[in-house]
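Structural characterization, general
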Amino acid sequence: MKLDSMYQDIILDHYRHPHGKGLRDGDAEVHHVNPTCGDEITLRVKLDGATVADVSYESQGCSISQASASVLNDLVVGKTVGEAQVVQEAFLELMQSKGQGEGDEEVLEDAIAFAGVSKYPARVKCALLSWMAWKDATAQALAQHPAVND
Ligand code: ZN
């Protein structure tokens, strides 16, 4: 897999120094696996009203999956659920672009480094693992607080 070297540095930096790793208090917990690569993540979402107060996780697997979870933590914590969903959808779109998408850096920040990954179908699942786990956990957390509406 060949990625732009600057983007590769961003991914490796998140892999080596993951942001927000470790399990903390949460409203919902999910466990997702990517059997094709062997990546696993246990992820918890803590909401404070309509705000994503924390995303904590324990994960193992390849550098792409690990870095993606770190970037996810950076991008969604502190945002409202609605704002975070916009980022999640932009990342999903980038990952489904088969190498054609560039992504909006204003929205995606470090997640833009995964643009090259979208050329490799087997690795797309690695990059999306934590984001799908987040989406699932957030839906469960929201279900516990039906009064919360962004
Ligand atoms: Zn992987």
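Just so you know, these numbers come straight off a predicted model, no measurement behind them.

About the criteria used
- Throughout, a residue's number is its position along its own chain's written sequence, starting from 1.
- In keeping with the model being predicted, local features are shown solely for residues with a pLDDT of at least 70 and side-chain atom pairs are shown and tallied solely at 80 or more, while totals for entire chains, interfaces and linings include all residues.
- Just so you know, side-chain values use all the structure's heavy atoms and leave hydrogens and water out.
- For the purposes of this entry, the term helix denotes a DSSP run of H or I that reaches at least four residues, the term strand denotes a run of E that reaches at least two, and both are numbered from the N terminus.
- Two things to know: the radius of gyration comes from C-alpha atoms, and the globule rule equals 2.2 Å times the number of residues to the power 0.38.
- Exposure classes here rest on a 1.4 Å probe applied to the protein chains alone. A residue is buried below 20% of its type maximum, exposed above 50%, and partly exposed in between.
- Two residues qualify as a contact provided that any one of their heavy atoms is within 4.5 Å of a heavy atom in the partner residue.
- Within this scheme the basic residues Lys and Arg register as positive and the acidic residues Asp and Glu register as negative, but His and the chain ends are omitted.
- Here the site of a charge means atom NZ of a Lys, CZ of an Arg, CG of an Asp or CD of a Glu.
- A donor here means an N, O or S atom no more than 2.8 Å from the metal, or no more than 3.2 Å when the metal is Na, K or Ca. Since water is not included, a site may seem to lack partners.

When its secondary structure is counted, the chain shows 5 helices and 3 strands. Moving toward the C terminus, one meets the helices and strands of the chain in the order α-β-β-β-α-α-α-α. The C-alpha radius of gyration computed for the chain amounts to 14 Å, which stays within 12% of the reference 15 Å derived for 150 residues, consistent with globular compactness. Taken along its principal axes, the extent of the C-alpha atoms in the chain is 45 × 30 × 25 Å. Going through the 150 residues of the chain one by one, you find that 44% of them count as buried. A separation threshold of at least 6 residues defines the contact pool for the chain, and within that pool the share at least 24 residues apart is 62%. A gap of 8 Å separates the mean positions of the 12 positive and 23 negative side-chain charges of the chain.

When a metal carries six donors in an octahedron, the ideal angles between them are 90 or 180 degrees, while four donors in a tetrahedron ideally lie at 109.5 degrees. Within the protein, C37 (SG), D39 (OD), D39 (OD), C62 (SG) and C126 (SG) serve as the donor atoms for the zinc ion, at 2.1 to 2.7 Å. Under the relative-accessibility criterion, C62 is labelled buried at 15%.

Let us look at the environment of G20. With respect to the helices and strands, the residue G20 is situated in the loop between helix 1 (5-16) and strand 1 (28-34). Residue class for G20 comes out partly exposed when judged on its relative accessible area of 25%. Through-space distance from the C-alpha of G20 to that of S97 is 28 Å; in sequence the pair is 77 residues apart.

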